[in-house]
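Summary of the model geometry
Listed below are the residues making up each chain.
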Amino acid sequence: MQRRIIKDKLFEIIIIILAMVSTLPLILILFQIVKKGIASINWSFFVNLPQPPGETGGGVSNAILGTFILIVIAGVFSILLGVLGGTFISEYKDKKISELIRLCVNIFQGIPSIVIGIIVYIWIVMPLHRFSALSGGIALGIMMLPLIVKSTEETLRLIPSSLKEASLALGASYTTTMLRVILPAGINGILSGILISVSRVAGETAPLLFTAFGNPFMNFNIFKPVDSLPLLIFNYSMSPYPEWHSIAWGASFVLISFIIILNILTKMVSRKWKTVF
Amino acid sequence: MLFGAGILLLLLLTGIFFTLLIGSIPAIKASGIKFLSGTSWNPVTGVYGAVPFVIGTLLTSFLALFISLPFSFSISLFLGEYFKKGALAEFLNYATDILASIPSVIYGFWGLLFLVPIVRKFELSFHILPYGVGIFTASLILAVMIIPYTSYLAKEVILLVPQDIKEAAYSLGATRSEVIRKVIVPYSRSGIFAGILLSLGRALGETMAVTMVIGNSNLIPGSIFSPGNTMASVIANEFTEATNDVHLSALIELGLLLFIITGIINFIGNIIIKKLSIKG
Amino acid sequence: MENGILKILNFYAGYNVKTILTNINLSIPSNKVISIMGPSGCGKTTLIRCINRMHELQPDANFKGRILLNEKNIFETSPILVRRKIGMVFQKPNPFPTMSIYDNVVSGYILNGIKMPRIEKDRIVEETLRKVYLWDEVMDSLHRKGTFLSGGQQQRLCIARAMAMNPEIILLDEPTSALDPKATAKIEELITKIKKSVTVILVTHNTAQAARVSDFTAFLYLGELVEYGSTEKLFTTPKDKRTEEYLTGKFG
Ligand SMILES: Nc1ncnc2c1ncn2[C@@H]1O[C@H](COP(=O)(O)OP(=O)(O)OP(=O)(O)O)[C@@H](O)[C@H]1O
Ligand SMILES: [Mg+2]
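Structure report, in brief. (Residues numbered from 1 in each chain as written. Chains lettered and ligands numbered in written order. Predicted model: local features only at pLDDT ≥ 70, side-chain atom pairs only at ≥ 80, totals over all residues. Heavy atoms only, no water.)

From N to C terminus, chain A includes 12 helices and 0 strands. Sequence-ordered secondary structure for chain A, helices as α and strands as β, is α-α-α-α-α-α-α-α-α-α-α-α. Dimensions of chain A, computed from the C-alpha atoms along their principal axes, are close to 75 × 70 × 35 Å. Looking at chain A residue by residue over its 277 residues, the buried ones come to 57%. Sequence separation of 24 or more characterises 73% of the internal contacts of chain A that already satisfy a separation of 6 or more. Working note: accessible area of chain A is about 12,000 Å², and carbon and sulfur atoms make up 70% of it. (Helix = DSSP H or I, 4+ residues; strand = E, 2+ residues; numbered from the N terminus. Buried < 20%, exposed > 50% of the residue type's maximum accessible area, 1.4 Å probe, protein only. Contact = heavy atoms within 4.5 Å. Areas by Shrake-Rupley, 256 points an atom, 1.4 Å probe, with all protein chains shown as cover.)

Set out below in structure tokens:
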């Protein structure tokens, strides 16, 4: 009996220790990013362009702008399609085709991001004969799609069907009912789904390697290559120069902060704008 | 319009598959079945055998899974059984959340500057060739990266175990650890398995972090401390520098292989999850 | 009752191949309250959902026969027009959660894209809310969301929403079954009042409620219209044995 109790306690202690140890890498990573990242961040970091190794005062303004451009393109590509697709499978939930789409979306979500890069390379980069912000944005957009579809569907599924009937019974058309009653009622879930999907792709590098490609200069043209924070971190961290490493730390800090802020924002949106039925 | 969007989603996925398939044709014509059985990959001589990368991929992924399991299992029990609420649970929840949202390129960067030197020291003290980078380092990073996924799904299924069957076991005099091993784990076995499958899917396709620390060697790894390459990392390394059409096509074929493997794994994982009706 | 506002003629309805309603013939006079009662599953909901063409929205629904609104077959009119003339209130209160109380009242106009000057809207909102005895309770919070109201208030808001469109007929499907007795009393009171401006068709489980508020009562049993007549007659001297058994609580 005594042995069983000791064994039980031991088991619990091991579980607690292992669980806590798992957070160690996180603490280490965050600690280093904050320590080394903040050290290399100053005003010029945000407004200047990268400098050749050896020179100081370089910044990552091109990558910050590029990340922004890529996310906007990704959003344009994915939000409408994702929300409509999610609405479709929630509206026709019992149809065979919805089942098929749902399965596709789940498989979609598991496609390695590098494969998405290959696809967009074949679809966009090859025909246009150039790397471009457009292709990078579409690659990120494809990665956002499944998340938006799923969050839209899950949100709409929770909206009572009587709401739709009430609107139809007032003589509203189907489209009006969807646009003015159903989607607004689900806006918190849909919006937080979009935010989460942005935070997921903001740090993606692999699909950009052969689409957006990277660009050490400022670029506003969506048909030309752009840089992005993750691409810059990749290129700089693989370089042998310590100055570039510290720029990469700074960029990591900015990127992580952006992603964490997006996550917090998501929680706020889904709580604050929650529709009470 | 809704219907159109639905169809478009279907077309997109089938489009991806067929694009990869068509893109692979030149390589399939050039190498045929040797692509899957060849042990050498040399773009200069035009020899494309994927075996080193398949081995590299499987080795890193399974090693990572093996390393991460005790940890993710502990987290899921911690959050799903021992401490469902409280400050520590809250902390652990947040921590795994953030762990899941750190970009893989940052994991790679951190691995390069922090983990690689440690592994190198370790290798020196054991008289192994001190590369620092290699399969083992990549597996360590991957392990950290997949912990949040496995533990999340496992926690969800553990929470689904009905209270009354746990209580029935307690009332028979079982201790908590016995309830966990004899009741909770058997009950949530298939869900935990699905979680492991989905994490495996992620690990197989993970690119950046692996590419940065695996050492990028196209030879079959001699041990877990040798440098190597995974399917994803070799694509990342060689795609923009592909010397000719067959080389590019061979890389696309690797992508197709990766797509099929992860597709099957995700398919099975999702079917299990759907049966259990938990949110994936 | 030859000149009823609504006439249901040789009407059948069901789902898939199953027929729920068989050969319903019913003529409804205007500005009266008509109760439809019957045991659970007898097809009451199905029947009133046919009257505003909501039934056919279900993918597997079928129907046969004619329903005349002012001598015009509703199945030859656009469903949108039919639904504007025939309002509906559901079993569970369902105000639009994203709209304020004010917007809920005029939601029929909003959703139909009908633009009105502000004063006109204000007038409709106040008038309608007074009709359903809700004005005094919500006049200070018109621009808050309707979902913080109590169940009874929400249901009156839903009645207001339907009434605001000035329908000729309003269909109430067990409007009080989710409410407490006090809220129920309020709704019954307003039903007897609004019949001045609208014909009320009330589905109810509750025979006492039918007796209290309605002028005419129809008794539906297994999809068949067993008996229909003035409430007083039907309750005091039912002609059909099944009606009598239902009223004395022998089944359902
Ligand atoms: N969508 C549907 N598909 C198939 N059968 C249905 C559907 N809706 C209702 N039914 C069936 O039609 C019959 C009548 O249903 P209806 O809802 O009209 O009854 P009701 O008299 O309103 O009952 P209650 O008093 O419980 O509300 C029931 O047997 C029901 O099972
Ligand atoms: Mg009913």
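Residues and elements named next belong to chain B. Among the surface-exposed residues, Ile260, Ile264, Phe267, Ile268 and Ile271 lie close enough to one another that they form a single nonpolar patch of about 390 Å² accessible area. On the secondary structure map, Ile271 appears in helix H11 (residues 245-276). Classification of Ile271 by relative accessible area gives partly exposed; the value is 35%. (Patch = residues over 30% accessible without salt bridge, like charges linked within 9 Å, V, L, I, M, F, W, Y side chains within 5 Å. Salt bridge = Lys/Arg side-chain N within 4 Å of Asp/Glu carboxyl O.)

What follows concerns the site of ligand 1. All names here are of chain C. Around ligand 1, 13 residues are found, and the nearest of them are Ser40, Gly41, Lys44, Thr45 and Thr46. Within the side chain of Ser40, a nitrogen or oxygen atom sits 2.6 Å from an oxygen atom of ligand 1. Between a nitrogen atom of ligand 1 and a side-chain N or O atom of Gln58, the distance comes to 3.5 Å. No other element matches helix H1 (residues 44-51), which puts 3 residues into the shell around ligand 1. Grouping the constituent residues of the shell around ligand 1 by class yields 3 nonpolar, 7 polar and 3 charged. (Near = heavy atom within 4 Å. Polar contact = N/O pair within 3.5 Å; in protein donor to acceptor, adjacent residues only side chain to side chain. Nonpolar A, V, L, I, M, F, W, Y, C, P; charged D, E, K, R; others polar.)

On to the interface of chain C and chain A, then. Contact with chain C, which involves 25 residues of that partner, is made by 19 residues of chain A. Taken together, both faces of the contact between chain C and chain A bury some 1,700 Å²; the carbon and sulfur share is 68%. At the junction of chain C and chain A, the tally comes to 1 salt bridge. For the salt bridge of Glu165 of chain A with Arg49 of chain C, the shortest nitrogen-to-oxygen distance reads 2.8 Å. The tally of links from chain C across to chain A stands at 3 residue pairs in polar contact (both at pLDDT 80 or more). Mapped onto the side of chain C that touches chain A, the elements with two or more residues apiece are helix H2 (79-85), strand S6 (86-89), helix H4 (107-111) and helix H7 (151-163) of chain C. If you tally residues by element for the side of chain C that touches chain A, the top one is H4 of chain C, at 4 residues. Here the side of chain C that touches chain A is composed, by residue class, of 14 nonpolar, 7 polar and 4 charged. (Buried area = accessible area lost by both parts, 1.4 Å probe.)

Further remarks concern the arrangement of the chains. In this assembly, 2 pairs of chains are in contact, and the pair contributing the most contacts is chains A and B. Chain B makes no contact with chain C; the smallest distance between any of their C-alpha atoms is 16 Å.

Residues and elements named next belong to chain C. A positive phi angle, near 55°, is found at Asn31, a position not held by glycine. Looking at where Asn31 falls in the secondary structure, it is placed in the loop between strand S2 (18-28) and strand S3 (33-37). Here the phi dihedral of Tyr133 falls at roughly 60°; this positive angle occurs in a residue that is not glycine. Tracing the backbone through its elements, the reader meets Tyr133 in the loop between helix H5 (118-131) and helix H6 (135-138).

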